[in-house]
Amino acid sequence: MLPRVLLCGEIEYVQDECKKMFHGIAEVIHLVSDSRSHFLSSFGPGGPYEGTVALYRRNTSSEVVGKFDAPLIHALADTSMVRWIAQSGGGYDEIDVQACKERGILVSNTPRANEDATATATLYLMLSCLRHFSMAERSLRSGTWKTPFNAAQTHDVTGRTLGILGLGGIGLRFAHLAHAFPMRIIYFSRRKAESAPDWCEYVSSVEELCKQADILSLHVPLNPSTVGMIGEKEIGTLQRGSVLLNTSRGRIMDQEAMIRALEDGHLSSVGLDVYPDEPRVDPRLLTFPRCTLLPHIGGESAEAWRTRELQALGNLRAFVLGGVGEDIVPELRTVIGNSTTL
Amino acid sequence: MSSRQPRILICGDLVWAHEEARQLFDGLADIVVMDSPNRADFLAGLKTRERYDGIVGIYRHNISADRIGVFDEEIIDALAETGTVKWIAHNGAGYDQIDVFRCAKKGISVSNTPGAVNDATATTALYLVISCLRNYAWGEQSLRQGTFKSVLNPGRAHDVTGRTLGILGLGGIGLRLAHLVHAFPMRVVYYSRNRSANAPEWCEYVDSVEGLCRESDVLSLHVPLRDETVHLVGEKEIRAMKKGSIIVNTARGKVVDEEAMIRALADGHLSSVGLDVYPNEPLVNPRLLEFPQNVLLPHMGTENQDSQRRMEVRALTNLRDFLRDGQGNDLVPELRSKL
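Calculation rules
Residues numbered from 1 in each chain as written. Chains lettered and ligands numbered in written order. Predicted model: local features only at pLDDT ≥ 70, side-chain atom pairs only at ≥ 80, totals over all residues. Heavy atoms only, no water. Helix = DSSP H or I, 4+ residues; strand = E, 2+ residues; numbered from the N terminus. Rg over C-alpha atoms; globule rule 2.2 N^0.38 Å. Buried < 20%, exposed > 50% of the residue type's maximum accessible area, 1.4 Å probe, protein only. Contact = heavy atoms within 4.5 Å. Areas by Shrake-Rupley, 256 points an atom, 1.4 Å probe, with all protein chains shown as cover. Lys, Arg positive; Asp, Glu negative; His and termini not counted. Charge placed at Lys NZ, Arg CZ, Asp CG, Glu CD. Pairing = 2+ DSSP bridges. Axes fitted to C-alpha atoms, helices over the stretch in contact; angles between N-to-C directions. pLDDT = per-residue confidence, 0-100. Parallel < 35°, antiparallel > 145°, perpendicular 65-115°, else oblique. Left-handed = near helix turned anticlockwise from the far one by under 90°. Buried area = accessible area lost by both parts, 1.4 Å probe. Salt bridge = Lys/Arg side-chain N within 4 Å of Asp/Glu carboxyl O. Polar contact = N/O pair within 3.5 Å; in protein donor to acceptor, adjacent residues only side chain to side chain. Nonpolar A, V, L, I, M, F, W, Y, C, P; charged D, E, K, R; others polar.

1. Focus on the overall build of chain A
Summing up its helical and strand segments, chain A has 13 helices and 12 strands in all. For 342 residues, the compact-globule estimate of 2.2 N^0.38 gives 20 Å, and chain A sits close to it at 22 Å. By its C-alpha atoms, chain A is 70 × 45 × 35 Å across when sized along the principal axes. Taken over 342 residues, chain A has a buried fraction of 57%. For chain A, the proportion of contacts with a sequence separation of at least 24, taken over those separated by at least 6, is 66%. For chain A, the exposed surface amounts to about 13,600 Å²; the carbon and sulfur share of it is 52%. The average position of the 34 basic charges and that of the 40 acidic charges among the side chains of chain A differ by 2 Å.

Set out below in structure tokens:
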């Protein structure tokens, strides 16, 4: 009997490729659970997911089974043969990777699949915040042409200083697009990026980044060390009138501190694609007309979708065939050792 | 002849460059502000040689049309009749509100501010390109209406990278936009009346408007409005585009046949349009609003603090150079061979 691969969340764009990829290699089965408890009890003998060795996971599955927190990971480890979770998407904060590490389950994500799309979304947010485009559009659609628009408060992109928090794939791609204007690019990462171009200036602290940036853009993953990383102190260190952009995860920012700063004008606007508790959007955010708010569609293009799905499925296939896939998340790379592609 | 300094007229209030204006004209000319509430008063003022006496040059902004109308034959002739007005320094890249041929006939030079708008306008066009391809305006509308992203179909959204941008008119603004999208990169194709000597080798020349339309996923318009460019993009050109294409217009509304464009939106031939300009501003055809995927800006292409200041200074400098040296830098193309 072929090993089984369970799709926790449907494949939207590459169903045919999926069939071809696993033909003769694994049986692809679908999530039939309508509750967490059903999910957790279905991997054993006679259960619908018996024989599953690996999972494809989308964040939408949390609506049914909840997040992949420690209890769920423990249940998988104890009652199933699942030893690989292939997350579709760059962010894997809904999986407790520490619990996976402890119980011998590996996790992969799709790091590069969203880079271009997300960097493009960030660029869009920056243009809109600096030039108040989104506000002007809404004014036009409500019949007031450009009445609320005050050009005196808007700015060119060219020549301004962009501060990037986290110069990973997305941060670097965004820097590249911004550099075309050009903007002055400064960044802070835990480690200075060896491969950063010479026009990306390293600064030695988050505080220094905030001091110098006209626009601060967040490109760090959400994990226990980055929750609330941008809070009262950091926002206060930004110059008055600065712009804050977030296309990473809502909880990297202290939302209350951000809203206070919008209320008193310390932040002139924010450009967001992510929120602490999606799909809920704090209604206060809608009261600041200059803000640009996208509903977490930074990675949503037909092309990014295909790439993401193919990459995640590819990780699964490699695991089924050879015991290891690519794109193991950074926290778990040391588990494997030298045979793993980093 | 009066012994006092010549005078220049500010026709359309300065917002930023008051200090620069004082410095530029110090010792050269006195500054008079046009304060007529309507055309009749303005014309009378020119004729009676009181308030507007001794004017040799005019700084003009389109905002003045709200009060005295555009610089058509009637106004040009009245300016010419003063015997003193010799230069109109227009603030703006588009100068279709000035009858430049009448000016030529009457011996009045006209300058505009070509370079100063390039960056700001190209940035606006870039915003429209991204928003149309990725359905961002639609996404934000959906969020603000409380439906987050549930109304969106990701299959309708496309990456910028790898798509083809067709530029109609590779002047300063078109070239700047080409540069910004080249960072992704988009493939850039263009049509101009003449092949551009400045064009980088990655800007591919196409030898007709229709040919340009056939190649483009996104068509962006960057031609000035003249008699020969009205409805330059019409039914034929739109239908030559691929199904699902996008039109972006930051030039002038009348360059596109709006009815043809709306028909193509209605039957899905165009997936969306991104507009900063309309044929009859500030009126916006309500049919455009029926398509949530359209990205519609209220003609703000050049407007931000930094570019506005630069444009004012550039126009004033053209005027100062005329006074001081007899010639301003940015004489409009139509007049370069004539004067």
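2. Structural notes on the sheet that holds strand S7 (residues 184–188) of chain A
All names here are of chain A. With parallel pairing, the 7 strands of this open sheet are ordered in space as S8-S7-S6-S9-S10-S11-S12. Each having just a single partner strand, strand S8 (200–202) and strand S12 (292–293) make up the two edges of the open sheet. Sheet topology places strand S6 (residues 161–165) next to strand S9 (residues 215–218); 4 bridges connect them, and they run parallel. Following the sheet pairing, Leu162 is matched in S9 by Ile215. The strands touched by helix H11 (residues 255–263) are strand S10 (242–246) and strand S11 (267–272); relative to S11, the strand with the most contacts, the crossing angle is about 135°.

3. Quick notes on the environment of Asp119 of chain B
In this structure, Asp119 of chain B sits in helix H6 (residues 118–134). Note on Asp119 of chain B: relative accessible area 13%, which makes it buried. With residues near it in sequence (within four places) discarded, Asp119 of chain B still touches Asp156, Thr158 and Phe181 of chain A together with Arg176 of chain B.

4. Describing the confidence of the model for chain A
Confidence in the prediction of chain A, expressed as mean pLDDT, is 94, and 98% of residues score 70 or more. Across residues 338–342 of chain A, confidence stays below pLDDT 50; counting only partners more than four residues off in sequence or on other chains, it has 3 contacts.

5. Examining the packing of helix H1 (residues 18–25) of chain B against helix H13 (residues 305–325) of chain B
All names here are of chain B. Running from N to C, H1 and H13 point in directions that differ by 15°, and their axes come no closer than 10 Å. By the angle class used here, H1 and H13 are roughly parallel. In this structure, H1 crosses over H13, and the sense of that crossing is right-handed. Taking contact as the criterion, the partners of Glu20, Ala21, Leu24 and Phe25 in H1 are, on H13, Arg309, Val313, Leu316, Thr317, Leu319, Arg320 and Leu323.

6. Focus: the interface of chain A and chain B
In this complex, chain A contributes 55 residues to the contact, which on the side of chain B involves 59 residues. Taken together, the two surfaces of chain A and chain B that pack against each other cover about 4,800 Å², and 58% of this comes from carbon and sulfur. Looking only at chain A, the three residues that lose the most surface to chain B are Tyr124, Arg141 and Trp145 of chain A, adding up to 16% of its buried area. Where chain A meets chain B, there are 4 salt bridges. In this structure, the salt-bridge partner of Lys149 of chain B is Glu300 of chain A, at a minimum N-O distance of 3.8 Å. For the interface between chain A and chain B, the tally reads 38 residue pairs in polar contact (both at pLDDT 80 or more). Among the elements that take part in the side of chain A that touches chain B, helix H6 (residues 115–131) of chain A stands out by supplying 9 residues, more than any other. Among the residues forming the side of chain A that touches chain B, the class breakdown is 30 nonpolar, 13 polar and 12 charged.

7. Looking at unusual backbone geometry
Each neighbour pair has its own omega, and for Glu278 of chain A with Pro279 of chain A the value is 5°, a cis peptide bond. When you line up the elements, Pro279 of chain A lands in the loop between S11 and S12. At the junction of Phe184 of chain B and Pro185 of chain B, the peptide bond is cis and its omega measures out at 5° in the coordinates. Mapping Pro185 of chain B onto the fold places it in the loop between helix H8 (172–182) and strand S7 (187–191).

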